[in-house]
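Commentary on secondary and tertiary structure
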Amino acid sequence: MSTKLKIGILASGAGSNLPSILQAIQSGQIEAEATLLISNRANAGALALAQRFGIETLILKPDLFNSKEEFDVRLASEFWNRKVDLILLCGYTRILSLPIIKAYPKRILNIHPSLLPAFGGKGMYGINVHNAVLQRGVKVSGCTVHLVDENVDEGPILGQAIVELSDFETAETIKNKVQQAEEKLYPQALIKYAPTLPALNFAEIPYSIKESGSGGKSGTAQPDFFDDERKEYFYTKGNCTAYALCDLGLKRKENADTVILTSDLKIMGVADGVGSAKEGKQTSRMAMSFLEKKWLNEGSIAKLKSLDHGSWLRKTVIETNQQILNWARQSINKVDVGSTLVVGILDDENHEMYISNTGDSRAYLWRSGTMYRLTRDHSENFDPESGEGGGLLFYMGGGQGSFGLDLFQLRLYPKDRLLFCSDGLLYATEDLIANRFQENMAIKEFGKQLLEDAYNAGAPDNTSIVILDYA
Ligand code: GAR
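Residues numbered from 1 in each chain as written. Predicted model: local features only at pLDDT ≥ 70, side-chain atom pairs only at ≥ 80, totals over all residues. Heavy atoms only, no water.

Quick look at the side chain of Thr 144 now. Mapped onto the secondary structure, Thr 144 falls in strand β6 (residues 140–147). Of the residues examined, Thr 144 reaches a relative accessible area of 0% and is grouped as buried. Once residues lying within four places of it in the same chain are set aside, the contact partners of Thr 144 are Asn 110, Ile 111, His 112, Ser 114, Leu 115, Leu 116, Ile 157, Gly 159, Gln 160 and Leu 185. (Helix = DSSP H or I, 4+ residues; strand = E, 2+ residues; numbered from the N terminus. Buried < 20%, exposed > 50% of the residue type's maximum accessible area, 1.4 Å probe, protein only. Contact = heavy atoms within 4.5 Å.)

Below, the structure is given as structure tokens:
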């Protein structure tokens, strides 16, 4: 078992501090492995840089969270779940709040482009610092590596490097000089500091994460499943990208669809509630929250390596069905409520995906210019265009108790694009969906276009879409 220190990185911009650190790790000067880079900006250059070094990347958008604290709980949980021991800020422009600072005491390092305590504090980052240095007319500047605590730029200093300034500097020339000094200072500080850190006990979730109700993962702040049409999810991992949205449509008052997409791109799918709008909403959410919970408890990253993905999915879907069935019988005394469920689990190490289907939500594959429909509907003569026919044979919670699932294994190839959708999208017609695949749009554009197509068809039903680009 590897006992190497695991390093997590937060970056908002170009990632100019990364190459020298990652090279020092690669060459063995720093005995560690870089495990995950999270950025709050989808266009941060640091993402591509990290991917070139084979590091997992994640984009988390702060505006999808209710508060700074909720966002930082999620950050801390993502690192904690990957057993990250130490976090490096590399041009990260957000000020960290208590949930992450307390989860990682003396284990978050920052590099600041001045000689602290001069030119530090709120608003002092990047070029702002060098402009202030220039205006003040100081003759030396430099950079500081320090530990992060609750006071901005005031944590204990681990190392500093001085840069001489001439009379002819601009903010840009100062920045270049300082960044050259940073290239040496950050790895040096790490070489010294990393070996002093005792091992963390990852079985114990820090109270600052747990108390926020996250259970050590995504939490109430931003669960991995959602039915809120104002939200869209976009994640990258390695070269894979996923995008999900869930929309009310034009005619329905409630959204009975629920989408799941875990940030590690392991689980993805859609559920469409069956029954009254209210009951349907409850059941599809129940299906996804049960799946998420099972995933957090059993499918954690460490355990998954030895897990048989297909068996896990089959077992979990059967248990999910039982949950819904019990709830329907015991809590509302009904047998005709439930949910469809089409869900995939990605075994990226083996380039495989297992997909389970119950009901009439669908999965499609686009490969080498052809669209394949992967799932068959468990319904009799249902005509999505007229909305007539119907008669679902199988769904979660299953009618008079009938339940079935189709499970299959799909080998994935580079450039495969997968689409999971609820039947609401089918109003746009299958032909139009195939044409949209053909147009080869970027993932978000593709998702938004499909939704617009459903709208152009009157969007009588809720519409959910999850797309995976497998690179
Ligand atoms: C670095 O100079 C670093 O010191 C600074 O941002 C630059 C990296 O950003 N950090 C701060 O100002 C933190 N207060 P980049 O990766 O976008 O070039």
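Looking now at the pattern of salt bridges. All chains considered together, the criterion is met by 18 salt bridges. Across the pair Arg 367 and Asp 416 runs a salt bridge, and its minimum N-O distance is 2.6 Å. Here Arg 367 is found in strand β16 (residues 362–367), whereas its partner Asp 416 is found in strand β19 (residues 416–421), with 49 residues between them in sequence. Here Arg 367 and Asp 416 have matching classes, each one buried. Two residues, Arg 417 and Asp 469, come together in a salt bridge whose shortest N-O distance is 2.7 Å. Residue Arg 417 is located in strand β19, and its partner Asp 469 is located in strand β20 (residues 463–470); the two are separated by 52 residues in the primary sequence. (Salt bridge = Lys/Arg side-chain N within 4 Å of Asp/Glu carboxyl O.)

On average, residues of the chain score 89 in pLDDT, and 90% of them reach the 70 mark or higher. A low-confidence stretch, residues 213–222 (pLDDT under 50), is modelled with 31 contacts involving residues beyond four sequence positions or located in other chains. (pLDDT = per-residue confidence, 0-100.)

For the structure on display, the rule yields 5 aromatic pairs. With a centroid separation of 5.7 Å and an interplanar angle of 65 degrees, the aromatic rings of Trp 80 and Tyr 104 are classed as edge-to-face. Residue Trp 80 is located in helix α3 (residues 68–81), and its partner Tyr 104 is located in the loop between α4 (98–103) and β5 (108–112); the two are separated by 24 residues in the primary sequence. The two residues Trp 80 and Tyr 104 agree in class, both being buried. When the centroid spacing of 5.8 Å and the interplanar angle of 75 degrees are considered together, the rings of Tyr 233 and Tyr 235 count as edge-to-face. The same class applies to Tyr 233 as to Tyr 235, namely buried. When the ring centre of Phe 234 is taken as origin, the NZ or CZ atom of Lys 444, which lies over that ring, is 4.6 Å away. (Phe/Tyr/Trp six-rings, centres within 6.5 Å; stacked < 30°, edge-to-face > 60°. Lys NZ or Arg CZ within 6 Å of the ring centre and 35° of its normal.)

In an α-helix there are 3.6 residues to a turn, and that puts residues three or four apart on one side. End to end, helix α10 (residues 309–330) covers 31 Å across 22 residues, agreeing with the expected 32 Å (1.5 Å per residue, within 8%). Every buried residue of α10 is listed here: His 309, Gly 310, Trp 312, Leu 313, Thr 316, Val 317, Thr 320, Asn 321, Ile 324, Leu 325, Trp 327 and Ala 328. The opening residue of α10, the one whose side-chain oxygen lies 3.1 Å from the backbone nitrogen of Gly 310, is Asp 308. (Expected span 1.5 Å × (residues − 1). Polar contact = N/O pair within 3.5 Å; in protein donor to acceptor, adjacent residues only side chain to side chain.)

Take the site of the ligand next. What surrounds the ligand is a group of 14 residues, the closest being Ala 14, Gly 15, Ser 16, Gly 126 and Glu 182. Between His 112 and the ligand, the recorded distance is 3.3 Å, taken from a side-chain N or O atom to a nitrogen atom. Computed on the free molecule, the ligand has an accessible area of 450 Å², of which 87% lies beneath the protein chains in the complex. Contributions of two or more residues to the shell around the ligand are made by β5 and α6 (171–193). Of the residues in the shell around the ligand, the class split is 5 nonpolar, 8 polar and 1 charged. (Near = heavy atom within 4 Å. Areas by Shrake-Rupley, 256 points an atom, 1.4 Å probe, with all protein chains shown as cover. Nonpolar A, V, L, I, M, F, W, Y, C, P; charged D, E, K, R; others polar.)

Quick look at the sheet that holds strand β3 (residues 56–59) now. Spatially, 7 strands are ordered β3-β2-β1-β4-β5-β6-β7 in an open sheet, and the strand pairing comes out mixed. Strand pairing shows two members of the sheet lacking a second neighbour, β3 and β7 (157–164), which therefore form its edges. Each strand of the sheet is rotated relative to its neighbour by a mean of 20 degrees, with strand direction disregarded. Bridge count for β5 against β6 is 4 bridges, and the pairing is antiparallel. What sits directly across from Leu 109, in β6, is Leu 147. Contacts between helix α1 (residues 18–26) and the sheet are confined to β1 (5–11), β2 (32–39) and β4 (86–89), with β2 contributing the most and set at about 150 degrees to the helix. Of the strands in this sheet, β1, β4, β5, β6 and β7 touch α6, which is tilted by about 30 degrees from β6. (Pairing = 2+ DSSP bridges. Axes fitted to C-alpha atoms, helices over the stretch in contact; angles between N-to-C directions.)

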